[in-house]
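Letter by letter, the chains look like this.
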Amino acid sequence: MDARQLKVEAARAALAYVGSGMRLGIGTGTTAEEFVRLLAEKVATGLDVVGVPTSERTAALCRELGVPLSTLEDTPELDLTVDGADEVDPDLTLIKGGGGALLREKIVAAASERMIVIADKSKLVETLGRFPLPIEVNKFGLRATEIAIGAAAATLGLSGPVTLRMTGGQPFVTDGGHFILDASFGRIPDTRALSNALFAIPGVVEHGLFIGLASTAIIAGGDGIETVHA
Ligand code: 5RP
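Residues numbered from 1 in each chain as written. Predicted model: local features only at pLDDT ≥ 70, side-chain atom pairs only at ≥ 80, totals over all residues. Heavy atoms only, no water.

Per an unreviewed UniProt entry, the protein goes by the name Ribose-5-phosphate isomerase A and belongs to Mesorhizobium plurifarium. Looking at the protein in UniProt, the text filed under Pathway (unreviewed entry) is "Carbohydrate degradation; pentose phosphate pathway; D-ribose 5-phosphate from D-ribulose 5-phosphate (non-oxidative stage): step 1/1." (UniProt positions renumbered as here; feature names shortened; annotations may be inferred.)

A.B. asks: Could you clarify how one ought to interpret the site of the ligand in this entry?
C.D. replies: Neighbouring the ligand are 16 residues; Thr 30, Thr 31, Asp 86, Gly 97 and Lys 123 lie closest to it. Gly 98 places a main-chain nitrogen or oxygen 3.5 Å from an oxygen atom of the ligand. Separating an oxygen atom of the ligand from a backbone N or O atom of Ala 101 is a distance of 3.0 Å. Burial of the ligand by the protein amounts to 91% of the accessible area it has alone, namely 380 Å². For the ligand, the cavity whose grid points lie within 2 Å of the majority of its atoms is the second largest pocket. (Near = heavy atom within 4 Å. Polar contact = N/O pair within 3.5 Å; in protein donor to acceptor, adjacent residues only side chain to side chain. Areas by Shrake-Rupley, 256 points an atom, 1.4 Å probe, with all protein chains shown as cover. 1 Å grid on protein atoms, 1.4 Å probe; cavity = no way out; pocket = protein on both sides within 12 Å on 5 of 7 lines; lining within 4 Å. Sits in = over half its atoms within 2 Å of the grid points.)

A.B. asks: Where do I start with the domain arrangement of the protein in this structure?
C.D. replies: Accessible area lost upon the coming together of the parts is a frequently used measure of interface size. According to the domain assignment, the protein consists of domain 1 (3-125 + 211-223) and domain 2 (133-205). The straight-line distance from the C-alpha centre of domain 1 to that of domain 2 is 25 Å. Tallying the contact residues gives 14 residues for domain 1 and 16 residues for domain 2. A combined buried area of about 1000 Å² lies between domain 1 and domain 2, and 62% of that area is made up of carbon and sulfur atoms. In terms of surface lost to domain 2, no three residues of domain 1 exceed Leu 102, Leu 103 and Ile 211, which account for 43% of the buried area on that side. One can count one salt bridge joining domain 1 with domain 2. We note a salt bridge from Arg 104 to Asp 175, for which the minimum N-O separation is 3.9 Å. Per-element accounting of the side of domain 1 that touches domain 2 gives the leading share, four residues, to helix α4 (residues 102-110). Looking at the side of domain 1 that touches domain 2 residue by residue, the class counts come to four nonpolar, six polar and four charged. (Domains from an automatic or database assignment. Contact = heavy atoms within 4.5 Å. Buried area = accessible area lost by both parts, 1.4 Å probe. Salt bridge = Lys/Arg side-chain N within 4 Å of Asp/Glu carboxyl O. Helix = DSSP H or I, 4+ residues; strand = E, 2+ residues; numbered from the N terminus. Nonpolar A, V, L, I, M, F, W, Y, C, P; charged D, E, K, R; others polar.)

A.B. asks: Whenever I open this one, the packing of aromatic side chains confuses me. Can you help?
C.D. replies: What describes a pair of aromatic rings is the distance from one ring centre to the other and the angle between the planes of the rings. Inspection of the entire model under this criterion finds zero aromatic pairs. The ring centre of Phe 210 lies 5.7 Å from the NZ or CZ of Lys 96, which sits over that ring. Here the basic side chain of Arg 165 rests over the ring of Phe 172, its NZ or CZ set 5.6 Å away from the ring centre. (Phe/Tyr/Trp six-rings, centres within 6.5 Å; stacked < 30°, edge-to-face > 60°. Lys NZ or Arg CZ within 6 Å of the ring centre and 35° of its normal.)

A.B. asks: Looking at this structure, how should I read the nonpolar core?
C.D. replies: Across soluble globular proteins, nonpolar side chains have a tendency to be buried as a group. Membership of the largest hydrophobic core comes to 26 residues, with the highest contact counts inside it found for Val 18, Phe 35, Leu 39 and Ile 118. Elements with a contribution of two residues or more to this core: α1 (3-15), β1 (23-26), α2 (30-44), α3 (56-65), β3 (78-83), β6 (112-120) and β14 (216-221). When neighbours within four sequence positions are excluded, Ile 118 is seen to be in contact with Ala 10, Ala 11, Ala 14, Thr 31, Ala 32, Phe 35, Val 82, Asp 83, Gly 84, Ala 85 and Ile 218. Residues Val 137, Leu 158, Phe 185 and Val 204 belong to the second largest nonpolar core, which totals 24 residues. (Core = buried A, V, L, I, M, F, W, Y, C linked by side-chain atoms within 4.5 Å. Buried < 20%, exposed > 50% of the residue type's maximum accessible area, 1.4 Å probe, protein only.)

Rendered as structure tokens:
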């Protein structure tokens, strides 16, 4: 099976948790998009759900495929969020934000009774940090925030480049109008301590460590589907 097929299989397994009447948080990224495609097929044959998308990109795909949408304003409590991840550790702590949607993804996940992460096996790690940690920051004071992030990491024995995410020669701008700094600190043994340290920096809007949010991970590998519960 190639990488795309693994994503499809993980998405298909997640669909089994979706029932009529559910209010769904719908994630962002290539794996979440496979879920949207399969969900749209079910909607076309009568599944009655409403989705709150975690990005403009996901919203556009849902509209194109006919998945009914709401907003978190109108539907502030959700039954289930299905989303991808950049890394998943054995406790189901995640790194997310590779697609730049971490802020809305975290808000939507936190508003959901349950979050299922779908991923191929390459995303499973013993310790998070191989994937650079996305940190969403206010545009104002970018350089000062960048320096503060490096200093905060150093207090935890972490170091490494913190780089402004670019796209097409311009800084990447999130749906919320912020920038993203990708922090290559390497292994993050204490995610809670790093989370607290980052939140103490005023210019940090959100970071991509998802702690205690995912209740289930559906991991697709060449040898089948593994379901992990937190
Ligand atoms: C977007 C995300 C994505 O879920 C994450 O980047 C995984 O994406 P993909 O399924 O394309 O590998 O966090 O902000």
